[in-house]
Amino acid sequence: MSDIVANLNMVKGQIAAAEKEARRDKDSVTLVAVSKTFDAGEISPVLDAGQRVFGENRVQEAQGKWPQLRKTYSGIELHLIGPLQSNKSADAVALFDVIETVDREKIAAALAKEIRKQGKSPKLYVQVNTGLEPQKAGIEPKDAAAFVERCRSHHGLAIEGLMCIPPAEENPGPHFALLEKLAREAGVEKLSMGMSGDYETAIGFGATSVRVGSAIFGGRDYSPPA
Ligand SMILES: *Cc1c(COP(=O)(O)O)cnc(C)c1O
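Here the structure is a predicted model, which is why all the values come from computation and not from measurement. (Residues numbered from 1 in each chain as written. Predicted model: local features only at pLDDT ≥ 70, side-chain atom pairs only at ≥ 80, totals over all residues. Heavy atoms only, no water.)

Here we take up the UniProt feature "modified residue: N6-(pyridoxal phosphate)lysine" (unreviewed entry) in the chain. Feature annotation in UniProt assigns "modified residue: N6-(pyridoxal phosphate)lysine" (unreviewed entry) to the following positions: Lys 36. Counting through the fold element by element, Lys 36 comes out in the loop between β1 (30-34) and α2 (40-48). Residues contacting Lys 36, with those up to four places away along its chain left out, are Gly 55, Glu 56, Asn 57, Glu 61, Lys 65, Arg 220 and Tyr 222. (UniProt positions renumbered as here; feature names shortened; annotations may be inferred. Helix = DSSP H or I, 4+ residues; strand = E, 2+ residues; numbered from the N terminus. Contact = heavy atoms within 4.5 Å.)

Written as C-alpha coordinates, this is what we have:
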(Lines give C-alpha, C1' and ligand atoms only; values in the text may rest on other atoms or scores of the structure.)
Protein backbone atom coordinates (compact mmCIF):
# COMPACT_ATOMS: atom_id res chain seq x y z
CA MET A 1 0.00 0.00 0.00
CA SER A 2 1.35 3.44 -0.89
CA ASP A 3 2.17 5.95 1.83
CA ILE A 4 -0.59 8.20 0.55
CA VAL A 5 -3.22 5.49 0.93
CA ALA A 6 -1.89 4.59 4.40
CA ASN A 7 -2.14 8.28 5.32
CA LEU A 8 -5.69 8.44 3.96
CA ASN A 9 -6.71 5.47 6.08
CA MET A 10 -5.05 6.97 9.13
CA VAL A 11 -6.93 10.27 8.67
CA LYS A 12 -10.23 8.41 8.17
CA GLY A 13 -9.57 6.50 11.39
CA GLN A 14 -8.86 9.72 13.29
CA ILE A 15 -12.04 11.30 11.94
CA ALA A 16 -14.08 8.29 13.12
CA ALA A 17 -12.43 8.49 16.56
CA ALA A 18 -13.10 12.24 16.80
CA GLU A 19 -16.76 11.73 15.81
CA LYS A 20 -17.11 9.16 18.57
CA GLU A 21 -15.31 11.32 21.12
CA ALA A 22 -17.63 14.25 20.30
CA ARG A 23 -20.68 11.91 20.46
CA ARG A 24 -21.42 12.71 16.86
CA ASP A 25 -22.95 10.26 14.40
CA LYS A 26 -20.61 7.98 12.51
CA ASP A 27 -19.87 9.41 9.05
CA SER A 28 -21.36 12.79 9.98
CA VAL A 29 -18.10 14.46 8.93
CA THR A 30 -17.08 14.58 5.26
CA LEU A 31 -13.39 14.32 4.45
CA VAL A 32 -12.36 16.77 1.72
CA ALA A 33 -8.96 15.55 0.51
CA VAL A 34 -7.04 18.67 -0.52
CA SER A 35 -5.06 17.76 -3.62
CA LYS A 36 -3.64 21.17 -4.61
CA THR A 37 -0.11 20.97 -6.05
CA PHE A 38 -0.44 17.19 -6.56
CA ASP A 39 -0.90 15.77 -10.03
CA ALA A 40 -3.27 13.15 -11.38
CA GLY A 41 -0.71 10.39 -10.84
CA GLU A 42 -0.54 11.19 -7.14
CA ILE A 43 -4.31 11.59 -6.80
CA SER A 44 -5.24 8.34 -8.57
CA PRO A 45 -4.28 6.00 -5.70
CA VAL A 46 -6.56 8.00 -3.40
CA LEU A 47 -9.41 7.64 -5.89
CA ASP A 48 -8.63 3.93 -6.22
CA ALA A 49 -8.92 3.67 -2.43
CA GLY A 50 -12.48 5.00 -2.69
CA GLN A 51 -12.09 8.67 -1.74
CA ARG A 52 -14.41 10.83 -3.86
CA VAL A 53 -14.46 14.31 -2.28
CA PHE A 54 -11.52 16.59 -3.13
CA GLY A 55 -10.56 20.22 -2.60
CA GLU A 56 -8.54 22.50 -4.86
CA ASN A 57 -7.68 26.12 -4.27
CA ARG A 58 -7.04 27.32 -7.81
CA VAL A 59 -9.51 27.12 -10.66
CA GLN A 60 -6.87 26.88 -13.37
CA GLU A 61 -4.88 24.16 -11.63
CA ALA A 62 -8.05 22.12 -11.07
CA GLN A 63 -9.01 22.48 -14.76
CA GLY A 64 -5.69 20.88 -15.63
CA LYS A 65 -6.40 17.59 -13.89
CA TRP A 66 -10.02 16.98 -12.87
CA PRO A 67 -11.87 16.87 -16.22
CA GLN A 68 -9.55 14.01 -17.20
CA LEU A 69 -9.86 12.20 -13.83
CA ARG A 70 -13.66 12.45 -14.11
CA LYS A 71 -13.51 10.40 -17.30
CA THR A 72 -11.96 7.54 -15.34
CA TYR A 73 -13.69 7.82 -11.96
CA SER A 74 -17.38 8.46 -11.34
CA GLY A 75 -18.96 10.21 -8.39
CA ILE A 76 -16.25 12.80 -7.83
CA GLU A 77 -17.29 15.84 -5.76
CA LEU A 78 -14.95 18.78 -6.20
CA HIS A 79 -14.75 21.70 -3.74
CA LEU A 80 -13.22 25.09 -4.51
CA ILE A 81 -11.52 26.20 -1.29
CA GLY A 82 -9.34 29.06 -2.57
CA PRO A 83 -10.17 32.67 -3.36
CA LEU A 84 -12.30 33.21 -6.44
CA GLN A 85 -11.83 36.07 -8.91
CA SER A 86 -15.03 37.15 -10.61
CA ASN A 87 -13.51 36.62 -14.08
CA LYS A 88 -13.11 32.92 -13.13
CA SER A 89 -16.73 32.50 -12.05
CA ALA A 90 -17.83 30.79 -15.27
CA ASP A 91 -15.02 28.24 -15.05
CA ALA A 92 -15.65 27.68 -11.35
CA VAL A 93 -19.37 27.05 -11.85
CA ALA A 94 -18.60 24.69 -14.74
CA LEU A 95 -16.08 22.60 -12.77
CA PHE A 96 -16.89 22.64 -9.05
CA ASP A 97 -19.71 20.96 -7.13
CA VAL A 98 -19.16 23.05 -4.01
CA ILE A 99 -17.75 26.61 -3.91
CA GLU A 100 -16.67 27.34 -0.34
CA THR A 101 -15.24 30.81 -0.81
CA VAL A 102 -18.11 33.18 -1.56
CA ASP A 103 -16.91 36.27 0.28
CA ARG A 104 -18.18 39.43 -1.38
CA GLU A 105 -21.01 41.01 -3.25
CA LYS A 106 -19.23 41.01 -6.60
CA ILE A 107 -18.57 37.25 -6.43
CA ALA A 108 -22.14 36.53 -5.35
CA ALA A 109 -23.43 38.51 -8.34
CA ALA A 110 -21.03 36.83 -10.78
CA LEU A 111 -21.88 33.35 -9.49
CA ALA A 112 -25.61 34.03 -9.63
CA LYS A 113 -25.31 35.08 -13.26
CA GLU A 114 -23.28 31.98 -14.23
CA ILE A 115 -25.52 29.62 -12.30
CA ARG A 116 -28.53 30.90 -14.26
CA LYS A 117 -26.65 30.82 -17.54
CA GLN A 118 -25.20 27.32 -17.14
CA GLY A 119 -28.23 25.84 -15.37
CA LYS A 120 -25.94 24.31 -12.76
CA SER A 121 -26.40 24.38 -9.02
CA PRO A 122 -23.12 24.14 -7.13
CA LYS A 123 -23.51 24.21 -3.38
CA LEU A 124 -22.25 27.48 -1.92
CA TYR A 125 -20.56 28.37 1.37
CA VAL A 126 -19.55 31.80 2.62
CA GLN A 127 -15.96 32.21 3.79
CA VAL A 128 -15.62 34.08 7.08
CA ASN A 129 -12.37 35.78 8.13
CA THR A 130 -12.74 34.83 11.81
CA GLY A 131 -9.28 36.19 12.68
CA LEU A 132 -9.84 39.53 10.87
CA GLU A 133 -6.53 38.96 9.08
CA PRO A 134 -5.88 41.61 6.41
CA GLN A 135 -4.13 39.17 4.05
CA LYS A 136 -6.92 36.61 4.25
CA ALA A 137 -10.14 36.47 2.25
CA GLY A 138 -13.53 36.21 3.87
CA ILE A 139 -16.40 38.30 5.15
CA GLU A 140 -16.04 39.83 8.62
CA PRO A 141 -17.85 37.86 11.35
CA LYS A 142 -20.14 40.79 12.19
CA ASP A 143 -21.33 40.93 8.56
CA ALA A 144 -21.73 37.18 7.98
CA ALA A 145 -25.43 36.71 8.74
CA ALA A 146 -26.45 39.81 6.74
CA PHE A 147 -24.31 38.72 3.78
CA VAL A 148 -25.84 35.23 3.76
CA GLU A 149 -29.29 36.85 3.79
CA ARG A 150 -28.35 39.24 0.99
CA CYS A 151 -27.06 36.33 -1.13
CA ARG A 152 -30.49 34.75 -0.71
CA SER A 153 -32.75 37.74 -1.09
CA HIS A 154 -30.82 39.80 -3.63
CA HIS A 155 -28.96 37.19 -5.69
CA GLY A 156 -31.23 34.17 -5.23
CA LEU A 157 -28.29 32.09 -4.00
CA ALA A 158 -28.98 29.37 -1.44
CA ILE A 159 -25.99 29.44 0.90
CA GLU A 160 -25.60 26.10 2.66
CA GLY A 161 -22.66 26.67 4.95
CA LEU A 162 -19.76 28.69 6.28
CA MET A 163 -16.03 28.11 5.95
CA CYS A 164 -13.06 29.51 7.86
CA ILE A 165 -9.26 29.28 8.03
CA PRO A 166 -8.13 30.30 11.54
CA PRO A 167 -4.89 32.30 11.91
CA ALA A 168 -1.98 29.87 11.73
CA GLU A 169 -0.41 30.90 15.01
CA GLU A 170 -3.56 30.91 17.15
CA ASN A 171 -5.47 28.28 19.07
CA PRO A 172 -8.15 27.35 16.50
CA GLY A 173 -10.86 26.38 19.02
CA PRO A 174 -12.34 29.87 19.53
CA HIS A 175 -12.44 30.39 15.75
CA PHE A 176 -14.33 27.14 15.24
CA ALA A 177 -16.73 28.06 18.04
CA LEU A 178 -17.32 31.46 16.44
CA LEU A 179 -18.03 29.92 13.02
CA GLU A 180 -20.51 27.51 14.59
CA LYS A 181 -22.31 30.40 16.30
CA LEU A 182 -22.39 32.46 13.09
CA ALA A 183 -23.84 29.50 11.18
CA ARG A 184 -26.65 29.22 13.70
CA GLU A 185 -27.34 32.97 13.44
CA ALA A 186 -27.31 32.80 9.64
CA GLY A 187 -29.45 29.64 9.59
CA VAL A 188 -27.02 27.47 7.62
CA GLU A 189 -26.13 23.84 8.34
CA LYS A 190 -22.68 23.15 6.93
CA LEU A 191 -19.43 24.02 8.65
CA SER A 192 -16.20 23.61 6.67
CA MET A 193 -13.42 23.92 9.22
CA GLY A 194 -10.31 22.02 10.26
CA MET A 195 -7.15 21.20 8.30
CA SER A 196 -4.29 18.71 8.80
CA GLY A 197 -3.19 20.26 12.10
CA ASP A 198 -6.57 20.73 13.73
CA TYR A 199 -9.30 18.66 12.09
CA GLU A 200 -9.98 16.60 15.21
CA THR A 201 -10.48 19.82 17.20
CA ALA A 202 -12.81 21.13 14.49
CA ILE A 203 -14.93 17.97 14.68
CA GLY A 204 -15.35 18.63 18.41
CA PHE A 205 -16.75 22.06 17.53
CA GLY A 206 -19.22 20.72 14.98
CA ALA A 207 -17.38 20.64 11.63
CA THR A 208 -19.47 18.91 8.97
CA SER A 209 -16.47 18.75 6.64
CA VAL A 210 -12.72 18.94 7.19
CA ARG A 211 -10.18 19.94 4.53
CA VAL A 212 -7.10 17.78 4.88
CA GLY A 213 -4.14 18.05 2.52
CA SER A 214 -0.63 17.44 3.81
CA ALA A 215 -1.66 14.75 6.34
CA ILE A 216 -2.74 12.67 3.31
CA PHE A 217 -0.53 13.76 0.41
CA GLY A 218 2.57 14.86 2.33
CA GLY A 219 4.31 18.23 2.19
CA ARG A 220 3.65 20.52 -0.76
CA ASP A 221 6.31 21.86 -3.11
CA TYR A 222 5.36 25.29 -4.45
CA SER A 223 8.62 25.94 -6.28
CA PRO A 224 8.34 26.19 -10.08
CA PRO A 225 9.57 23.12 -12.00
CA ALA A 226 13.31 23.39 -12.77
C1 LIG B 1 -4.25 23.98 1.50
C2 LIG B 1 -5.54 24.17 2.21
C3 LIG B 1 -6.01 23.21 3.13
C4 LIG B 1 -5.23 21.96 3.50
O5 LIG B 1 -4.18 22.30 4.35
P6 LIG B 1 -3.31 21.16 5.09
O7 LIG B 1 -2.74 21.87 6.25
O8 LIG B 1 -2.32 20.69 4.11
O9 LIG B 1 -4.25 20.09 5.50
C10 LIG B 1 -7.22 23.43 3.72
N11 LIG B 1 -7.97 24.54 3.45
C12 LIG B 1 -7.56 25.47 2.58
C13 LIG B 1 -8.43 26.65 2.31
C14 LIG B 1 -6.33 25.32 1.93
O15 LIG B 1 -5.94 26.27 1.06
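What follows deals with the pairing of strand β3 (residues 77-80). Relative to β3, strand β2 (residues 53-56) is paired through four bridges, and the arrangement is parallel. Residue pairing for β3: Gly 55 is matched across the bridge by His 79. With two bridges connecting them, β3 and strand β4 (residues 98-102) associate as parallel partners. Note that in β4 the partner of His 79 across the bridge is Val 98. (Pairing = 2+ DSSP bridges.)

So, about the pairing of β2. Working note: regular strand, side chains alternate between the two faces of the sheet. Covered by surrounding structure in β2 are Val 53 and Gly 55 together with Phe 54 and Glu 56, the residues of both alternating faces. Judged from the two bridges that link them, β1 and β2 form a sheet pairing that is parallel. By the bridge assignment, Val 34 is partnered in β2 with Gly 55. Handedness of the crossover is the feature at issue here: the chain leaves β1, passes through α2, returns alongside β2, and the resulting connection is right-handed. (Buried < 20%, exposed > 50% of the residue type's maximum accessible area, 1.4 Å probe, protein only. Right-handed = clockwise from strand over helix to strand, strands pointing away.)

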